[in-house]
Amino acid sequence: MNYLPVFLDIKNKPCLVIGGGQIASRKISLLVRAQAEITVIAPEITPEIHDQAHDGAVTWRQKRFSADDLKDYQLVMAATDNRKVNAEIAAQCKQRNIWVNAADDVHSCNFILPSIIDRSPVQIAVSTGGASPVLARTLRAKLENCTPAAYGRLAKLIEDNRLRVKEKFSSTEQKRKFWEKIIQGPVAELVFSGQMDAAQKLLQEAIEHEDHRDLPQGEVYLVGAGPGDPDLLTFRALRLMQQADVVVYDRLVSREIMDLIRKDAELIYAGKERAQHALPQESINQLLVRLAKEGKRVLRLKGGDPFVFGRGGEEISTLIDEAIPFQVVPGITAAAGCAAYAGIPLTHRQHSQAVIFATGHLSDGTVNLNWEMLAHENQTLVFYMGLQGLEVICTNLKKHGLAPATPAALIMQGTTAQQKVIMGNLDNLPALVDEHDVKPPTLVIVGDVVQLHDTLRWFNPEEDVTASAVRFFGART
């Protein structure tokens, strides 16, 4: 280990920045966040530093640096745009045992600045010891993606309640187990969903239990898995998928997404096809309640978005009636995801000023929709679960005013490597289903925007690499 990672407390400590350019400005921004007492020595400064001096965040001494300037400071940033000057400043600091960082010169420093993920009071520092700042920034970006901002709020909640927990539990082992359950349980989930008052109330109730094993644990996560591509999952969805004890999942959740679930989680299939349900909806509602009351973290995983033809409202209504804690995590609905991957904008200034999501069949099995409302030009229609009633849909749209040549598309297994886009119109679309052996899940899009597919399509897994490269980068001559 070439460096000892440390976190310095420089709050209200005198720190000196030598230099007034962009390099110095970046160093100053870090010191300001750490609440240091900052002095800047430079003949000229950037407008940003000038504003900070005007606001009192820094003190500017308009002069050139001299060795005598070092005597009052505990930490120095040598941040001029002259590498030789920075090295000379660093050497003088080392002679006086002052912590010094020289910009872009690791050999002149006696401490270096890492890449930082700031979720104060949680902080993560990444360093390559100066070997590759770009690699450090890349690693930081990956950590940023899997470290929700709410971890800072969770740490603050824990800090505010540590003394109460210390007074309640006598042994270190009890305290450890208590905090583990809090950090991995419903209190943390309330924090992550922004419900701080509810989190504090639940934590207080947990502290008041003499036995940490009595902590309430059951909770339901109603999560949208998106249209199929696992890269379209939200960060929160992925985190909950990897901590759930039980997963109740639908038919439309792709295998690639299922592979991301915690390996030891119990899996319960609740898929639905037309007139063929693995579990009736009421049974699913009661299953979620029962599992949560057993103290389990239950992930209800649905394709697309749980509130867009996903019956999420019915499920959380039951959870509310049974006083089961839950949270809802939106997903990219099939209309948005599949249309984007097919290069079909749902709205367009020249073609469509509105978009309507409609179901291809009602709860009674019919396709008795509001055809007069649907059959208008200059809007886009997206039909979910529309294959079975496609003939009825096309016939009624034509009957109520849309032209037989109105562009329409079938998007099968959208956003996945098996995606297939079949172009047609209201006249021939039903015939194309048989011709191309179209199977669910398939989305139906009707409207003038469909004709933009040939120009705007960018994702086609059946294309060869050369064709794709030309589309992305343009042909070279």
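Before reading further, recall that the structure is shown in the block above.
Anyway, here's the lowdown on the structure attached to this text. (Residues numbered from 1 in each chain as written. Predicted model: local features only at pLDDT ≥ 70, side-chain atom pairs only at ≥ 80, totals over all residues. Heavy atoms only, no water.)

## A few points about unusual backbone geometry
Of the consecutive residues Ser120 and Pro121, the connecting peptide bond is found in the cis state with omega at 5°. Inspection of the secondary structure puts Pro121 in the loop between strand S6 (115–119) and strand S7 (122–126). Here the phi dihedral of Asp104 falls at roughly 55°; this positive angle occurs in a residue that is not glycine. With respect to the helices and strands, the residue Asp104 is situated in the loop between strand S5 (99–102) and S6. Asp104 gets classed as exposed once you look at its relative accessible area, which sits at 70%. (Helix = DSSP H or I, 4+ residues; strand = E, 2+ residues; numbered from the N terminus. Buried < 20%, exposed > 50% of the residue type's maximum accessible area, 1.4 Å probe, protein only.)

## Here we look at helix H12 (residues 312–321)
Among all positions in H12, only Gly312, Glu315, Ile316, Thr318 and Leu319 are buried. Each buried residue of H12 sits inside an arc of 150° when the element is viewed along its axis, so together they form one side. Pointing more than 90 degrees away from the buried face of H12 are the exposed residues Ile320 and Asp321. Where H12 is buried, its residues contact strand S8 (219–224), helix H11 (281–293), strand S13 (297–302) and strand S14 (326–329). (Arc of directions from axis to C-beta. Contact = heavy atoms within 4.5 Å.)

## Re the environment of Val100
In this structure, Val100 sits in strand S5. Owing to a relative accessible area of 0%, Val100 belongs among the buried residues under this scheme. Separated by 60 residues in the primary sequence, Val100 and Val40 have C-alpha atoms spaced 14 Å apart. Residues within four places of Val100 in sequence aside, it is in contact with Val76, Ala90, Cys93, Lys94, Ser108, Cys109, Asn110 and Phe111.

## Side note on the packing of helix H6 (residues 172–184) against helix H8 (residues 196–208)
Orientation of H6 relative to H8, taken along the N-to-C sense of each, is 155°, at an axis distance of 12 Å. Taken together, the axes of H6 and H8 lie roughly antiparallel to each other. Relative to H8, H6 is oriented so that their crossing is right-handed. Here H6 contributes Phe178, Trp179 and Ile182 to the contact with H8, which in turn contributes Leu203, Ala206 and Ile207. For the contact of H6 with H8, the residue count by class is 6 nonpolar, no polar and no charged. (Axes fitted to C-alpha atoms, helices over the stretch in contact; angles between N-to-C directions. Parallel < 35°, antiparallel > 145°, perpendicular 65-115°, else oblique. Left-handed = near helix turned anticlockwise from the far one by under 90°. Nonpolar A, V, L, I, M, F, W, Y, C, P; charged D, E, K, R; others polar.)

## Things to note about the pattern of salt bridges
Summed over the entire model, instances satisfying the criterion amount to 21 salt bridges. Between Arg239 and Glu189 there is a salt bridge, and its shortest N-O distance comes to 2.9 Å. One end of the pair, Arg239, is in helix H9 (residues 235–241); the other, Glu189, is in helix H7 (residues 186–192), with 50 residues separating them in the sequence. Each member of the pair Arg239 and Glu189 is classed as buried. A salt bridge links Arg262 to Asp245, with the nearest nitrogen and oxygen atoms 3.4 Å apart. One end of the pair, Arg262, is in the loop between helix H10 (255–258) and strand S10 (266–269); the other, Asp245, is in the loop between H9 and strand S9 (246–249), and 17 residues separate them in sequence. Asp245 sits in the partly exposed class, given a relative accessible area of 21%. Within the structure, one salt-bridge network assembled from shared partners comprises Asp245, Arg262, Asp264 and Arg297. (Salt bridge = Lys/Arg side-chain N within 4 Å of Asp/Glu carboxyl O.)

## What to know about the state of the cysteines
What the rule picks out here adds up to 0 disulfides. Left unpaired, Cys93 is separated from the closest cysteine sulfur, that of Cys109, by 10 Å. The cysteine Cys394 is free of any disulfide, with Cys338 supplying the nearest cysteine sulfur at 18 Å. Relative accessible area serves as the criterion here: at 2%, Cys394 is assigned to the buried category. (Disulfide = S-S within 2.5 Å.)

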